[in-house]
Amino acid sequence: MSILNADLHCHSVVSDGTLTPEALAARAAANGVELWSLTDHDEISGQHRAAAAARSHGMKYLTGTEISVTFADQTVHIVGLGFDPDDADMLHGLMETRGGREQRARQMSDSLALAGVKGAYEGAIKYAGNPELVSRTHFARFLVESGVCSDTYEVFRRFLTEGKPGYVSHRWASLRAAVTWITRAGGMAVIAHPARYRFTPNEEYALFTEFKAHGGQGVEVVTGSHTAAEYVTYAGTAREFGMAASRGSDFHSPAESRIDLGQLPYLQGELTPVWELLADRIQ
Ligand code: AMP
Ligand code: MN
Ligand code: MN
Ligand code: MN
């Protein structure tokens, strides 16, 4: 069934969102979400709280995370759904993936200082709810707070992206590792917001082909990061590669996110929704 208000992509204070897992669950339920997943970046320590909060609101729940991967010299995000949140290899892999963030944040701060923005490391850390997970989003909030930019979109346009001050390239997990952690822990790997990457057609084809070869099964089609035209493009990609389709807002914050929890169009009816293949993992 595609006519289900499933929101399988969002972030809490455990990574770079501004709401607690409990507040997100309440907001999702108020917006009519029927099946929810909290997908914090490289971190699953919010999973038991999120599942309990979902239950208290009568929502169904799938465990979730969004793993940072480096593929063809770009950062790609792989969402994991329905895995065992206590799986030892997954916990270890995610810990290693988070490991480089502290040093990267210090380098980002040094780079911003050269561009005239002082104290960015200390400024960003204040916004990080999880000391192990300092992200570009926390720097973006500091740059807005200090008046350098008027919103986080402007920050990413002027800073923190490739070729701009504050950008530090970083090697994340491999595609093979991320897909393997998720699938060995009983879950499904899903390519997040594919339209966001700047791949050539050949590189994108290689991403989908290698992802499938490693055991990946899903792709986000309806996401807060895609336009209506991109829903159509990636529905086609899902069919071409025989992949299940996912739907998720990528909600981070009431003040910053353009799309609220549960407020996206439904998945197109001809696609196989990821939740159909994950029926026995739904809590
Ligand atoms: P990081 O994992 O530290 O590289 O931070 C990545 C996060 O920054 C993403 O998950 C988004 O929340 C945010 N982000 C990245 N690029 C943009 C952008 N162009 N506009 C707004 N937010 C962005
Ligand atoms: Mn994020
Ligand atoms: Mn992402
Ligand atoms: Mn995300």
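Calculation criteria
- Every chain is numbered on its own, with residues counted from 1 as its sequence reads.
- Each chain is given a letter, starting from A, and each ligand a number, starting from 1, according to the order in which they appear as written.
- Local features are withheld for residues below a pLDDT of 70 in this predicted model, meaning they are given only at 70 or higher, and side-chain atom pairs are given and counted only at 80 or more; totals for whole chains, interfaces and linings count all residues.
- The basis for the side-chain values is all heavy atoms of the structure; hydrogens and waters are excluded.
- Pairing of aromatic side chains requires ring centres within 6.5 Å, counting the rings of Phe and Tyr and the six-membered ring of Trp. Pairs whose planes differ by under 30 degrees are stacked, by over 60 edge-to-face, and all others tilted.
- Relative accessibility decides the category of a residue: with a 1.4 Å probe and only protein chains considered, values under 20% of the type maximum give buried, values over 50% give exposed, and everything between is partly exposed.
- Secondary structure is summarised from DSSP: a helix means a run of H or I of at least four residues, a strand means a run of E of at least two, and numbering begins at the N terminus for each.
- One side-chain nitrogen of Lys or Arg within 4 Å of one carboxyl oxygen of Asp or Glu is enough to make a salt bridge.
- To be near a molecule or strand, a residue needs just one of its heavy atoms within 4 Å of it.
- As used in this structure description, the phrase polar contact means that two N or O atoms lie within 3.5 Å; if the pair is within protein, one of them must be able to donate a hydrogen and the other to accept it, and residues adjacent in sequence are counted only when both atoms belong to side chains.
- Following the grouping adopted for this structure description, the nonpolar residues are Ala, Val, Leu, Ile, Met, Phe, Trp, Tyr, Cys and Pro, the charged ones are Asp, Glu, Lys and Arg, and the polar ones are all others, Gly among them.
- Segmentation into domains, and thus their bounds, comes from an automatic or database assignment.
- The contact rule is simple, with two residues in contact once any of their heavy atoms fall within 4.5 Å.
- Accessible area that two parts lose when put together, with a 1.4 Å probe and added across both, is what the buried area reports.

### Considerations on the packing of aromatic side chains
If you walk through the whole model with that rule in mind, you get 5 aromatic pairs. Look at Tyr197 and Phe199: their rings are 5.8 Å apart centre to centre, the planes differ by 55°, and that puts the pair in the tilted class. For the residue pair Tyr197 and Phe199, the accessibility class agrees, reading buried in each case. Between Phe208 and Phe241 the ring centres are 5.3 Å apart and the planes differ by 35°, which places this aromatic pair in the tilted class. Taken together, the positions of Phe208 in helix α9 (residues 201-213) and Phe241 in helix α10 (residues 228-241) put the pair 33 residues apart, joining distant regions of the chain.

### Considerations on the pattern of salt bridges
For the structure on display, the rule yields 12 salt bridges. Two residues, Arg106 and Glu102, come together in a salt bridge whose shortest N-O distance is 2.9 Å. You can see Arg106 and its partner Glu102 sitting in helix α4 (residues 101-114), 4 residues apart, about one turn around the helix. For Arg106, a relative accessible area of 43% translates into the label partly exposed. Across the salt bridge formed by Arg141 and Glu256, the nearest N and O atoms sit 2.7 Å from each other. Of the two residues, Arg141 is situated in helix α6 (residues 136-145) and Glu256 in the loop between β8 (244-248) and α11 (274-277); the sequence distance between them amounts to 115 residues. Taken as a pair, Arg141 and Glu256 share a single burial class, namely buried. Because the salt bridges share partners, they merge into one network encompassing Glu43, Arg98 and Glu132.

### Remarks on the site of ligand 1
Around ligand 1, the structure places Asp16, His41, Arg101, Arg104, Ser135, Arg136, Thr137, Phe156 and His252. Arg101 is positioned such that a nitrogen or oxygen atom in its side chain is 3.0 Å from an oxygen atom of ligand 1. Only α4 and α6 provide two or more residues apiece to the shell around ligand 1. Considering only residue class, the shell around ligand 1 consists of 1 nonpolar, 4 polar and 4 charged. Taken domain by domain, the shell around ligand 1 gets at least three of its residues from each of domain 1 (6-97 + 171-281) and domain 2 (101-158).

### What to know about the domain arrangement of the protein
The assigned domain composition of the protein is domain 1 (6-97 + 171-281) and domain 2 (101-158). Put simply, the middle of domain 1 and the middle of domain 2, counted by C-alpha atoms, are 25 Å apart. The interface of domain 1 with domain 2 comprises 16 residues on the first partner and 11 residues on the second. Summed over both partners, the interface of domain 1 with domain 2 buries about 1,100 Å², with 44% contributed by carbon and sulfur atoms. Of all residues in domain 1, Asp16, Trp172 and Glu256 give up the largest surface area on contact with domain 2, accounting jointly for 43% of the area buried on that side. Applying the counting rule to domain 1 against domain 2 returns 2 salt bridges.

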